[in-house]
Amino acid sequence: MPRLVMKFGGTSVATVDRIRNVARHVAREVRAGYEVAVVVSAMSGKTNELVAWCKDASALYAQSEYDAVVASGEQVTSGLLAIVLNEMGLKARSWQGWQIPIETSDQHGSARIQNIDGARLDAGFQRGEVAVIAGFQGIHAETGRLTTLGRGGSDTSAVAIAAAIGAERCDIYTDVDGVYTTDPRVVPKARRLERVAFEEMLEMASLGAKVLQVRSVELAMVHRVPTTVRSSFDDPDDARPGTLICDEDDIVEQQIITGIAFSKDEAQITLRRVKDKPGIAAAIFGPLADANINVDMIIQVVSGDGAATDMTFTVPAADYERARAILEAQSGTVECERIEGATDVVKVSAIGIGMRSHAGVAAKAFRALAEKGINIRAITTSEIKFSVLIDAAYTELAVRTLHALYGLDKA
Ligand code: ASP
Ligand code: MG
């Protein structure tokens, strides 16, 4: 029998009533002849509450105990959904990560899945059971301790399980009906996409679109798992297919630009008049890398006098203070006149596989932004995307301008 993974996010399982609705979606796919594995998140708000409890218990809690606490949200919903399915007359049982087992690394709080043994799930399918799996959690084999996969990690659980059991598709049910060309709250003319290529979805998720955990898209791409994003709020007996994330060869009408993403989680740091000599970039970025700070856009100005140069780059807003402190502590090796920074910045990106075969796509955007009086602080480009860093106050104007420019507005 073909297999299907169905994943339901926090808002989709927020109450027992919502869980009953989820069960009807599951029943539909069982009737259609699938062996179904369901992956559930915690009830919405639950994980935040559990995280807050850990912080309340101690500012210096052990990450392994944090995992023991926060993994419980998913344990509850997996059991509840199994109960409801049973009540509907369907065979089902709950599975915790360790029972399968889903083996992970030991980075508590952000563990990576290393291996999923599908044998026990296979046996369950043989018995005609729906497998209801707690997302977000796994086990570190050597220590035998519970782990969690990082916030939003049940998307990753779902895709990994789909790959492990050879599922035909992984359906991610959420409170929106698909992936949009940009955030519809910012651009009311945003359109739902029928299809998005894995590569594009990976860029969109990495650059700020919050529909899916980035890691889940990476896994879907590596294992070529066709993945959909669709709404659990649709009538279970008349559910729309949502957006399919698939191989680019399966996309018939490829646009040049597929989507506009933006991220306010950015901060800019500029080192003025850095002494221009070999090794300066290593001296600046080495310590930041050692501190696990992800540096993104980097611009080094060619020095006019050969003596000093300006270096500008971005870091996640959450790491801004830490990054500045690290750089200030390096004053022995990084000689500069002063360090400047800004946190009221936003990175706006345009993504599309069509950029590979079209020249001048980004240049068009620079002109359009200039016409609106928007100043660009930094630019980066790669094969299928470009990003501009601008003042946060212009976020909406910039996103709307680019959305219209590339013909993404709905008619
Ligand atoms: N419950 C976890 C979180 O809120 C995992 C998930 O929902 O994907 O981050
Ligand atoms: Mg989520």
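Criteria and thresholds
- Residues numbered from 1 in each chain as written.
- Chains lettered and ligands numbered in written order.
- Predicted model: local features only at pLDDT ≥ 70, side-chain atom pairs only at ≥ 80, totals over all residues.
- Heavy atoms only, no water.
- Helix = DSSP H or I, 4+ residues; strand = E, 2+ residues; numbered from the N terminus.
- Rg over C-alpha atoms; globule rule 2.2 N^0.38 Å.
- Contact = heavy atoms within 4.5 Å.
- Areas by Shrake-Rupley, 256 points an atom, 1.4 Å probe, with all protein chains shown as cover.
- Lys, Arg positive; Asp, Glu negative; His and termini not counted.
- Charge placed at Lys NZ, Arg CZ, Asp CG, Glu CD.
- Near = heavy atom within 4 Å.
- Polar contact = N/O pair within 3.5 Å; in protein donor to acceptor, adjacent residues only side chain to side chain.
- Nonpolar A, V, L, I, M, F, W, Y, C, P; charged D, E, K, R; others polar.
- UniProt positions renumbered as here; feature names shortened; annotations may be inferred.
- Buried < 20%, exposed > 50% of the residue type's maximum accessible area, 1.4 Å probe, protein only.
- Pairing = 2+ DSSP bridges.
- Axes fitted to C-alpha atoms, helices over the stretch in contact; angles between N-to-C directions.
- Phe/Tyr/Trp six-rings, centres within 6.5 Å; stacked < 30°, edge-to-face > 60°.
- Lys NZ or Arg CZ within 6 Å of the ring centre and 35° of its normal.

Caption draft 1: The overall build of the chain, seen in detail. Helix and strand content of the chain: twelve helices and 18 strands. Expected size for 411 residues packed as a compact globule is a radius of gyration near 22 Å; at 23 Å, the chain falls within 12% of this value. Dimensions of the chain, computed from C-alpha atoms along their principal axes, come out at roughly 80 × 55 × 30 Å. The long-range fraction of contacts in the chain, counting pairs at least 24 apart against all pairs at least 6 apart in sequence, stands at 75%. Approximately 18,300 Å² of the chain is accessible, and the part contributed by carbon and sulfur atoms is 50%. Across the chain, 44 positive and 54 negative side-chain charges occur, with their mean positions spaced 3 Å apart.

Caption draft 2: Focus on the site of ligand 1. Taken together, the neighbourhood of ligand 1 is formed by Ser41, Ala42, Thr47, Glu74, Phe136, Arg151, Gly152, Gly153 and Ser154. The separation between a nitrogen atom of ligand 1 and a polar side-chain atom of Glu74 is 2.6 Å. Gly153 is positioned such that a nitrogen or oxygen atom in its backbone is 3.3 Å from an oxygen atom of ligand 1. Considered on its own, ligand 1 offers 260 Å² of accessible surface; in the complex 85% of this is hidden by protein. Taken together, the residues of the shell around ligand 1 sort by class into two nonpolar, five polar and two charged.

Caption draft 3: Quick look at the UniProt feature "binding site: substrate" (unreviewed entry) in the chain. On the UniProt side, "binding site: substrate" (unreviewed entry) is annotated at positions that read Thr47 and Glu74 here. These annotated residues cover 28 residues of sequence, and their C-alpha atoms all fall within 8.8 Å of one another, placing them together at a single site. One can find Glu74 in helix α4 (residues 72–87). Those residues in contact with Glu74 that lie beyond four places of it in its chain are Val40, Ser41, Ala42, Thr47, Ala134, Gly135, Phe136 and Gln137.

Caption draft 4: Summary view of helix α9 (residues 280–290). For α9, the complete set of buried residues consists of Ile280, Ala283, Ile284, Phe285, Pro287 and Leu288. Lining the buried residues of α9 we find β13 (259–275), β14 (298–300), β15 (308–316) and α10 (320–329). Taken from the residues just after α9, Asn292 is the one with a positive phi, measuring 65°.

Caption draft 5: Main features of the sheet that holds strand β18 (residues 385–391). The strand order across the open sheet formed by six strands is β14-β15-β13-β16-β18-β17, and the pairing between neighbours is antiparallel. Because the sheet does not close on itself, it has two edges, and the strands there are β14 and β17 (378–382). Mean inter-strand twist for the sheet, computed between neighbouring axes without regard to direction, equals 25°. Strand direction decides the pairing type here: strand β16 (residues 338–351) and β18, joined by seven bridges, are antiparallel. Following the sheet pairing, Val346 is matched in β18 by Ile390.

Caption draft 6: Inspection of the UniProt feature "domain: ACT" (unreviewed entry) in the chain at higher detail. Mapped onto this numbering, the UniProt entry annotates "domain: ACT" (unreviewed entry) at residues 269–350. Along residues 269–350 one finds 26% helix and 39% strand; the C-alpha atoms at either end are 23 Å apart.

Caption draft 7: Local environment of the packing of aromatic side chains. Summed over the entire model, instances satisfying the criterion amount to five aromatic pairs. Cluster of aromatic residues (ring-pair linked, three or more members): Phe366, Phe386 and Tyr406. Here the basic side chain of Arg18 rests over the ring of Phe233, its NZ or CZ set 3.7 Å away from the ring centre.

Caption draft 8: Fine view of the side chain of Arg230. Residue placement: Arg230 occurs in strand β11 (residues 227–231). Within the structure, Arg230 has its side chain in polar contact with the side chain of Asp171 (distance 3.3 Å).

Caption draft 9: Fine view of the sheet that holds strand β10 (residues 195–197). One open sheet accounts for eight strands, arranged β3-β6-β2-β1-β9-β11-β12-β10; its pairing is mixed. Edge positions in the sheet fall to β3 (92–95) and β10, since each has one partner strand and no second. Strand-to-strand, the axes of this sheet are offset by a mean angle of 20°, without reference to chain direction. Two elements, strand β9 (residues 169–174) and β11, share five bridges in a ladder whose sense is parallel. Paired with Ile172 across the strands is Val229, a residue of β11. The strands touched by helix α7 (residues 198–206) are β10 and β12 (243–246); relative to β10, the strand with the most contacts, the crossing angle is about 85°.

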